[in-house]
Amino acid sequence: MSADERRESVIRAAITEFARGGYSATSTEAIAKRVGVSQPYLFRLFPNKQAMFLAAAERCLVETRQVFEKAAEGLEGQEALHAMAGAYQKLIVVDSDKLQMQMQMCAAVAAAEAAGDHAFGESVRAGWVELFDSVNLLLGADLGEATQFLAYGMLVNTLSSLGFPAGHRIWSGFYDSAQPVA
């Protein structure tokens, strides 16, 4: 495997490990084990654990943005919105690590901010701005629609993370396309 392919493997493994264990509780040893490389080899590809986490966070946000872009391709307005909502629900069922990684990003940045490390969250915030800007454009540059879409998305993340099953009354206020996929 080339260094680029190994780096890709590390990012994928980091998403899984950080999604499941969080930033603080995930060891670089666990990531190395998942990839099948030595821990010192990881540090040839990434300078430290933080860089691995930030690469995983960036990848998660980019791939989520790509899901929205693909779903909305050729659509406008409400059709785009509903296609994106449905695609997101499918994403978090098929790849639950994406959902958990998003939740871990929020927790890790909040913890860093509380500890006075304001630089840690800069790239994560930049990724969210790119996601917001993309959603805004896909929804016709309507800031209200983009904000509402992402706000509902965060509520979907929260309810899904809490384990509310499809069909539970908590989902009754969501439009059909945003209902959880069983």
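All residue numbers refer to positions counted from 1 along the written sequence of the respective chain. Local features are withheld for residues below a pLDDT of 70 in this predicted model, meaning they are given only at 70 or higher, and side-chain atom pairs are given and counted only at 80 or more; totals for whole chains, interfaces and linings count all residues. With hydrogens and water stripped out, all remaining heavy atoms of the structure feed into the side-chain values.

Colleague: How should I be thinking about the overall build of the protein in this particular structure?
Modeller: Regarding its fold elements, the protein presents 8 helices and 0 strands. By definition, any uninterrupted DSSP run of H or I lasting at least four residues is a helix, any uninterrupted run of E lasting at least two residues is a strand, and each is numbered from the N terminus. Listing each helix as α and each strand as β along the protein from the N terminus yields α-α-α-α-α-α-α-α. This radius of gyration counts C-alpha atoms alone. The globule rule is 2.2 Å times how many residues there are, raised to the power 0.38. Taking 16 Å as the expected radius of gyration for a compact globule of 182 residues, we find that the protein reaches 17 Å, a close match to that expectation. Projecting the C-alpha coordinates of the protein onto the three principal axes gives extents of approximately 50 × 40 × 35 Å. Expressed as a percentage of its 182 residues, the buried residues of the protein come to 42%. Throughout, a residue-residue contact means that at least one pair of heavy atoms, one from each residue, lies within 4.5 Å. Sequence-distant contacts, at least 24 apart, represent 61% of the contacts inside the protein between residues at least 6 apart. Accessible areas in this description were obtained via Shrake-Rupley with a 1.4 Å probe; residue shielding takes into account the shown protein chains only. With the model as given, the accessible surface of the protein reaches about 9400 Å², and the carbon-plus-sulfur share is 54%. Each charge sign in the protein was given a centre, from 15 positive and 21 negative side chains, and these centres are 10 Å apart. A 1.4 Å probe rolled over the protein chains alone gives each residue an accessible area, and that area as a share of the maximum for its type sets the label: buried under 20%, exposed over 50%, partly exposed in between. Only four residue types enter the charge count: Lys and Arg as positive, Asp and Glu as negative, with His and the chain ends excluded. A charged residue contributes its charge at one atom only: NZ of Lys, CZ of Arg, CG of Asp or CD of Glu.

Colleague: Got a minute to help me understand helix α5 (residues 77–94) in this structure?
Modeller: An α-helix turns once per 3.6 residues; consequently, residues spaced three or four apart project the same way. Counted at 1.5 Å a residue, the expected span for α5 with its 18 residues is 26 Å, and the 26 Å between its end C-alpha atoms agrees. Those residues of α5 that sit buried are Ala80, Leu81, Met84, Ala85, Gly86, Ala87, Tyr88, Gln89, Leu91 and Ile92. Those residues of α5 that are buried are in contact with α4 (49–72), α6 (96–114), α7 (122–138) and α8 (143–161). Take the residue count of a helix, subtract one, and multiply by 1.5 Å to get its expected span.

Colleague: Looking at this structure, I do not really get the packing of aromatic side chains. What am I missing?
Modeller: Two descriptors summarise a pair of aromatic rings, namely the distance from one centre to the other and the angle between the planes of the rings. Whether two aromatic rings pair depends on their centres lying within 6.5 Å, for rings of Phe, Tyr and Trp, where Trp uses its six-membered ring; planes under 30 degrees apart make the pair stacked, over 60 edge-to-face, and the rest tilted. Under the defined criterion, the tally for this structure stands at 10 aromatic pairs. Between Tyr152 and Tyr175, the aromatic rings sit 6.2 Å apart at their centres with planes inclined by 50°, giving tilted as the arrangement. Separated by 23 residues along the polypeptide, Tyr152 in helix α8 and Tyr175 in the segment after α8 bring together distant segments of the chain. Taken together, Phe18, Tyr23, Phe53 and Phe120 form an aromatic cluster joined through their ring pairs. Criterion for a charge above a ring: Arg CZ or Lys NZ at most 6 Å from the ring centre, at most 35 degrees from the ring normal. Seen from the ring of Tyr23, Lys49 lies directly overhead, with NZ or CZ sitting 4.8 Å from the centre.

Colleague: Before we go on, may I ask you to explain the environment of Lys49 in this structure?
Modeller: Among the structural elements, Lys49 can be located in helix α4. Each C-alpha atom of the pair Lys49 and Ile31 lies 9.8 Å from the other, and the pair is 18 residues apart in sequence. Look past the residues within four positions of Lys49 in its chain and what remains in contact with it is Phe18, Tyr23, Ser24, Thr26, Thr28 and Phe43. What qualifies as a polar contact is a pair of N or O atoms within 3.5 Å, subject to a donor-acceptor requirement within protein and to the restriction that residues adjacent in sequence count only when both atoms come from side chains. For Lys49, the side chain forms a polar contact with the main-chain oxygen of Ser24, separated by 3.5 Å.

Colleague: I keep staring at the nonpolar core and nothing clicks. Help me out?
Modeller: Grouped burial of nonpolar side chains is what soluble globular proteins tend to show. Side-chain atoms within 4.5 Å link the members of a nonpolar core, which is a set of buried Ala, Val, Leu, Ile, Met, Phe, Trp, Tyr and Cys residues. In terms of nonpolar packing, the biggest core is built from 53 residues, with Ile31, Met101 and Phe149 touching the most fellow members. Residues within four places of Ile31 in sequence aside, it is in contact with Val10, Ala13, Ala14, Glu17, Phe18, Thr26, Leu42 and Met52.

Colleague: Can you help me understand unusual backbone geometry in this one?
Modeller: Outside of glycine, negative phi angles account for most residues, and trans bonds account for most peptide bonds. Phi is positive for Ala141, close to 55°, though the residue is something other than glycine. As for its placement among the helices and strands, Ala141 is situated in the loop between α7 and α8.

Colleague: I keep staring at the state of the cysteines and nothing clicks. Help me out?
Modeller: Joining two cysteines, a disulfide is a covalent bond between their sulfur atoms. Criterion for a disulfide: a pair of cysteine sulfur atoms within 2.5 Å. Enumeration over the complete set of coordinates arrives at 0 disulfides. Unpaired in this structure, Cys60 has its nearest cysteine sulfur neighbour in Cys106, at a distance of 10 Å. Cys106 gets classed as partly exposed once you look at its relative accessible area, which sits at 35%.

Colleague: Can you walk me through the pattern of salt bridges in this structure?
Modeller: Pairs may arise between side chains of opposite charge once their charged atoms sit close together. A pairing counts as a salt bridge when a side-chain nitrogen of Lys or Arg comes within 4 Å of a carboxyl oxygen of Asp or Glu. A complete count under the given rule lists 10 salt bridges for this structure. Notably, a salt bridge pairs Arg59 with Glu8, separated by 2.6 Å at the nearest N-O pair. Of this pair, Arg59 sits in helix α4 while Glu8 sits in helix α1 (residues 3–25), and the two are 51 residues apart along the sequence. Between Arg12 and Glu63 there is a salt bridge, with the nearest N and O atoms lying 2.7 Å from each other. Taken together, the positions of Arg12 in helix α1 and Glu63 in helix α4 put the pair 51 residues apart, joining distant regions of the chain. The class for Glu63 is buried, based on a relative accessible area of 14%. Each of Glu8, Arg12, Arg59, Glu63, Asp95 and Lys98 takes part in salt bridges that share partners, so that together they form one network.

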